[in-house]
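Examination of the molecular architecture
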Amino acid sequence: MGLLPVINSFFLTILRKLLFLWVRTDVIGASREALELDPHRPVCYALQYSSLSSRLVLEEEVRRAGLPSAEKPPAINNGPGRSFFFLYQRPGRLFRQRETLAPTARMQEYARLCLEDPTLDIQIVPVSLFWGRSPDKAKSLVKMLLSDTWSVAGRLQKLLIILVHGRNTYVQFSKPLSLSEVVDEYRDNEQRALRKLARVLRTHFRRVRQAVLGPDLSHRRTLVDSLVRTPAVKDAIREAARRDDIPPEKVRAKARKYADEIAANMSIATIRALEVVLSWLWNRIYNGIAINNIGVAQDVARDNAVVYVPCHRSHIDYLLLSYVLYRNGLMPPHIAAGINLNMPIVGPILRRGGAFFMRRSFRDNPLYATVFNEYMHVMFSRGYSVEYFVEGGRSRTGRMLQPRPGMLSMTVKSFLRDHRKPIVFVPVYIGYEKVMEGRSYLGELRGKKKQKENIFSLLGTLRRLRSSFGRVALNFGEPIPLAGLLDDVQPSWRQEAYGSDYRPAWLNRAVETLADEVATRINASVAVNPIGMTATVLLSTERLAMDEAQLGRLMDQFAELLRAYPYASTVTLPDGEGKEWIDYCEAMGLVSRNAQKLGDIISLEGNNAILMTYYRNNIQHLFALPSLIACLFENNASLAREKVVFLASVVYPYLQSELFLRYDPEQADRVIGEWLDVLVAQGLLRVEGQRLWRPEDGTDAMLRLRVLSRFIIQTLERYHISIAVLRKYGSGRITATELEEQSTLLAERMAILFGLNAPEFFDKSLFRNFIANLQKREVVTTDDNGHLCYSEGLDEVAEDARLVLSVEKRQAIQQVTMLGV
């Protein structure tokens, strides 16, 4: 090595150390494992803009990560002197926008080497560097002066950027491109090969910027004013003035007030402050945050407007998802929040963190509805990411609630008006080992009125921050491209003309399909944890208690059952084994231990017996089909395989609708058959000819089968209650609303008589859904007076219940039903 390279290396080292006295970085993807580097191929890093500071940051981060040095030459004969190149060379005039530039000399040199030697394959690792992560404000002077997105070469300007943004520098390493594959198409044309390489890298850097920063933010005042000037809002103003005989100026002021009430005021400074506060908060109340499959969100955010649709379990959901996205290099979404959260102190902070506020209902206020619809259209058409909860409110039972169509319908209608920017839904499952509002949910399930959110209830919540709430998991599900879903529902949708108030005849069908798909994919991304497994097994016992060794063994066996037939690739299972899970639940204060010489007894006592149904319900759908099969052998020593498949497939559509199971009814026979094979392999059933037999009484296998059957039996009992009430009244003598009410009352009575601790057993919405499915499948019909009518087929269904329900339960349902008539 000559003297000059040594001197250059020395000065670069000094400059790098000086720079990092001030600069602080957040880095994503800087590891051999994350990049999946091939150790046998040379590595070269690609940066977007030529800059000494970017070069210094790159070298510091590869050193920290133990990656190949960027300043050393690659392991190539006669190769370049450095293992990096810039895509763009900056012109040197102050405040001059980027021109069309030729590839840099070093990039040309790397491409030429691959063109000359077909056996050479260099791994090009794109590295995106952002000095600060603020999305640009439209028409902002600061953007011109300090934004790193303008190609300005002045050293003073770069110094100002580093001083202002250096403490919040974001660096993202992306998976390598094969240089040989990129240029292979044009091996006989060097210029075209270079242009392709430049185009591929330029597209990559643009997509990363879209995901990290999102589109430019409008000033809030400008956005509010523009909403009032849209044609749809102008028409709504004129109609309201005419209808209510009010001067248009007053209606216009009201519309502007609505827009001001709704609109977010996202501030990156607030988001950074919240990041610091939330990092402290999560470390205080949680034992860790498990994040799975976030690569899905990182991929789709590069080219699409993303709609994050998480399940809704806690008020923490709002903060947790935005925090995780920001920490993983994605712009936090605009979040639909209930107007009840727009309280003093909290509301302005949430608004600056990205929340926009909506009223619970605005069906009777067409002016407000129009303003809100136009606001949503602006969000989607400009490519902002958005988050909302399709369930509408928080689940008090731990189950996925039936989706509400409102926000989904607005999203679809906006996309139909302008589908130039693709919209992709990303389902997110948020799973808590101990939900913060658990105790208040207990009160609400017992009939206590829901407490209205206010600053005093917030202070009450702060007192609970001394407690530990275990771990929390965020699992990102399989994305749903809206255009693809519309292609399936209505292939000709692109040929229709859409206005702001146009509702195609097939819109409801599309929204319903989308709602089901979102809920199903959320449930297909569930995170199983020790609390849920312990709750599932203990709640299946009659006395809510079990020998510790037996409990641990059963949990291991049921976890193995889930591994034997994976529900979905996005489902995650807990580490460890049953014994460790019991100890963990005990440490969390959710189970009690009764010391015994023959072995300790683990039990659920007091409020925990009800609270644990919440965590059981989180994962109940995973066991639905094997549990349904096990139920068929509760009262039958053996059944023909065809009979088992038939009976299970008859019940399956109702379970699918209630639990959002991922298999279509047409797939039910196949999946049930595969589950039968798994249960046989696990020793829970045995085969003799064409019949299936349950294990011998008193064996460990029979215990497992019986416990498994109780995972879903209460759901089947609930179905039988509705059918029993309907048959008792007779065909054409009771309406759907009356059947729902009678079923709920009788289920509540049975819960008291049999000591059932599951609040969802008498959940009115579940009866409503079951009755609606009976109507949808034409098992029952509605006459001109609104009464439900049925044929002998319903009697056959009721008779089949004897194969599932015990004699005691069937008699109890019959007796209670007679009391209700």
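In what follows, the structure referred to is the one given above.
In short, a report on the structure.

**What about the nonpolar core?**
- Counting residues in each nonpolar core, the largest one holds 207 residues, and the members touching the most others are Tyr308, Phe356, Phe372, Tyr388, Phe425, Phe476 and Phe558.
- At 10 residues, the largest contribution of residues to this core is made by helix α16 (residues 366-381).
- Residue contacts for Phe356: discarding those within four places in its chain leaves Ile262, Ala263, Ala264, His334, Ile335, Ala336, Ala337, Phe372, Tyr375, Met376, Val386 and Met407.
- Core analysis: the second largest hydrophobic core is formed by 26 residues, Cys44, Met107, Cys114 and Ile124 among them.

**Some remarks on the side chain of Thr397**
- Relative to the helices and strands, Thr397 is located in the loop between β11 (386-387) and α17 (406-417).
- Judged by its relative accessible area of 9%, Thr397 falls in the buried class.
- Engagement of the side chain of Thr397 in a polar contact is seen with the backbone nitrogen of Arg399, the distance being 3.4 Å.

**Things to note about the sheet that holds strand β20 (residues 691-693)**
- Spatially, β18-β20-β19 is the arrangement adopted by the 3 strands of the open sheet, whose pairing is antiparallel. Whereas interior strands pair on both sides, the edge strands pair on one side only; in this sheet they are β18 (638-640) and β19 (686-688). Adjacent strand axes in the sheet meet at a mean angle of 30°, parallel and antiparallel pairs treated alike.
- Examined bridge by bridge, β19 and β20 share 3 bridges and lie antiparallel to one another. Bridge pairing links Arg686 to Trp693 in β20.
- Those strands touched by helix α27 (residues 641-659) are β18 and β20, and its axis lies near 85° from that of β18.

**A look at the pattern of salt bridges**
- Within the structure shown, the criterion is met by 47 salt bridges.
- Residues Arg82 and Glu71 are paired through a salt bridge, measuring 2.9 Å at the closest nitrogen-oxygen approach. Here the residue Arg82 occupies a position in the loop between α3 (52-65) and β3 (84-88), and Glu71 occupies one in the loop between α3 and β3, the gap between them amounting to 11 residues.
- For the salt bridge of Arg243 with Asp244, the shortest nitrogen-to-oxygen distance reads 3.5 Å.
- The class of Arg243 is partly exposed, set by a relative accessible area of 41%.
- One continuous salt-bridge network, built from bridges that share partners, spans Glu548, Lys579, Asp583, Glu586, Arg593 and Asp600.

**Thoughts on helix α28 (residues 668-681)**
- Over its 14 residues, α28 runs 20 Å from end to end, which matches the ideal 20 Å to within 8%, given 1.5 Å per residue.
- Within α28, burial applies to Ala668, Val671, Ile672, Gly673, Trp675, Leu676, Val678 and Leu679.
- Phi turns positive one or two residues past the end of α28, at Gly683, with a value near 80°.

**Some words on the environment of Leu598**
- By secondary structure assignment, the location of Leu598 is in the loop between β16 (592-594) and β17 (601-603).
- According to the relative accessible area criterion, Leu598 is exposed, its value standing at 86%.

**Re the state of the cysteines**
- In the structure shown here, the tally under the stated rule is 0 disulfides.
- A disulfide-free cysteine, Cys114 has its sulfur positioned 9.9 Å from the sulfur of Cys44, the nearest such atom.
- The exposure class of Cys114 is buried, given its relative accessible area of 0%.
- Here Cys585 is not disulfide-linked; the sulfur of Cys311 is the nearest cysteine sulfur, at 20 Å.

**Observations regarding the pairing of strand β2 (residues 43-49)**
- Of all 7 residues in β2, 6 are buried, a share of seventy percent or more.
- The sheet contact formed by β2 and β3 spans 4 bridges and is parallel. Note on β3: the bridge partner recorded for Tyr45 is Phe84.
- Regarding topology, α3 serves as the crossover connection from β2 to the parallel β3, and that connection is right-handed.

**Looking at unusual backbone geometry**
- We note that Ile345 has phi near 70°; this positive angle belongs to a residue other than glycine.
- Mapped onto the elements, Ile345 comes out in the loop between β9 (334-338) and α15 (346-352).
- A positive phi is found at Leu544, a non-glycine position, where the angle reads about 55°.
- Summarising the element assignment, Leu544 is placed in the loop between α22 (530-538) and β15 (545-547).

**Details of the sheet that holds β15**
- Spatial ordering of the open sheet is given by β15-β17-β16, a layout of 3 strands whose pairing is antiparallel. Looking at the sheet topology across the chains shown, the edges are occupied by β15 and β16. Neighbour-to-neighbour, the strand axes of the sheet open up by a mean angle of 25°, direction not taken into account.
- As judged from the 3 bridges shared by β16 and β17, these two strands associate in the antiparallel manner. Bridge pairing in β17 places Arg593 opposite Ile602.
- Contacting β15, β16 and β17, helix α23 (residues 548-564) runs over the sheet at an angle of about 95° to β15.

**Re the pairing of strand β12 (residues 423-432)**
- The buried fraction of β12 is high, at 10 of 10 residues.
- Here β12 shows no split at all, with Ile423, Phe425, Pro427, Tyr429 and Gly431 on one side and Val424, Val426, Val428, Ile430 and Tyr432 on the other all buried.
- In this sheet, β12 lies alongside strand β8 (residues 305-310) in parallel orientation, the contact comprising 6 bridges. Considered in β12, the bridge of Ala305 is made with Ile423.

**Side note on the side chain of Ser743**
- Following the sequence through the fold, Ser743 ends up in helix α31 (residues 736-753).
- Among the residues examined, Ser743 registers a relative accessible area of 0% and is labelled buried.
- A distance of 3.2 Å separates a polar atom in the side chain of Ser743 from a polar atom in the side chain of Ser722.
- Setting aside residues up to four positions removed in sequence, Ser743 forms contacts with Ile721, Ser722, Val725 and Phe767.

**Notes on the packing of aromatic side chains**
- Per the stated rule, a full pass over the model turns up 26 aromatic pairs.
- Pairing Tyr49 with Tyr88 gives two aromatic rings, centres 5.6 Å apart and planes at 25°, and the pair type is stacked. In this pair, Tyr49 sits in strand β2 while Tyr88 sits in strand β3, placing the two residues 39 residues apart along the sequence.
- Classification of Tyr49 as buried rests on a relative accessible area of 11%.
- Judged by its relative accessible area of 8%, Tyr88 falls in the buried class.
- These aromatic residues form a ring-pair network of at least three members: Tyr258, Phe356, Phe362, Tyr368, Phe372 and Tyr375.
- When the ring centre of Phe84 is taken as reference, the NZ or CZ atom of Arg106 above it lies at 4.7 Å.
- Here Arg167 stacks its cationic end above the ring of Trp22, 4.7 Å away from the centre of that ring.

**Looking at a positive patch on the surface**
- A surface patch of like charges, here positive, comprises Arg192, Arg195, Arg199 and Arg202.
- Within the fold, Arg202 resides in helix α8 (residues 190-213).
- According to the relative accessible area criterion, Arg202 is partly exposed, its value standing at 38%.

Rules of the game
- Residues numbered from 1 in each chain as written.
- Predicted model: local features only at pLDDT ≥ 70, side-chain atom pairs only at ≥ 80, totals over all residues.
- Heavy atoms only, no water.
- Core = buried A, V, L, I, M, F, W, Y, C linked by side-chain atoms within 4.5 Å.
- Buried < 20%, exposed > 50% of the residue type's maximum accessible area, 1.4 Å probe, protein only.
- Helix = DSSP H or I, 4+ residues; strand = E, 2+ residues; numbered from the N terminus.
- Contact = heavy atoms within 4.5 Å.
- Polar contact = N/O pair within 3.5 Å; in protein donor to acceptor, adjacent residues only side chain to side chain.
- Pairing = 2+ DSSP bridges.
- Axes fitted to C-alpha atoms, helices over the stretch in contact; angles between N-to-C directions.
- Salt bridge = Lys/Arg side-chain N within 4 Å of Asp/Glu carboxyl O.
- Expected span 1.5 Å × (residues − 1).
- Disulfide = S-S within 2.5 Å.
- Right-handed = clockwise from strand over helix to strand, strands pointing away.
- Phe/Tyr/Trp six-rings, centres within 6.5 Å; stacked < 30°, edge-to-face > 60°.
- Lys NZ or Arg CZ within 6 Å of the ring centre and 35° of its normal.
- Patch = residues over 30% accessible without salt bridge, like charges linked within 9 Å, V, L, I, M, F, W, Y side chains within 5 Å.
- Areas by Shrake-Rupley, 256 points an atom, 1.4 Å probe, with all protein chains shown as cover.
- Lys, Arg positive; Asp, Glu negative; His and termini not counted.
- Charge placed at Lys NZ, Arg CZ, Asp CG, Glu CD.

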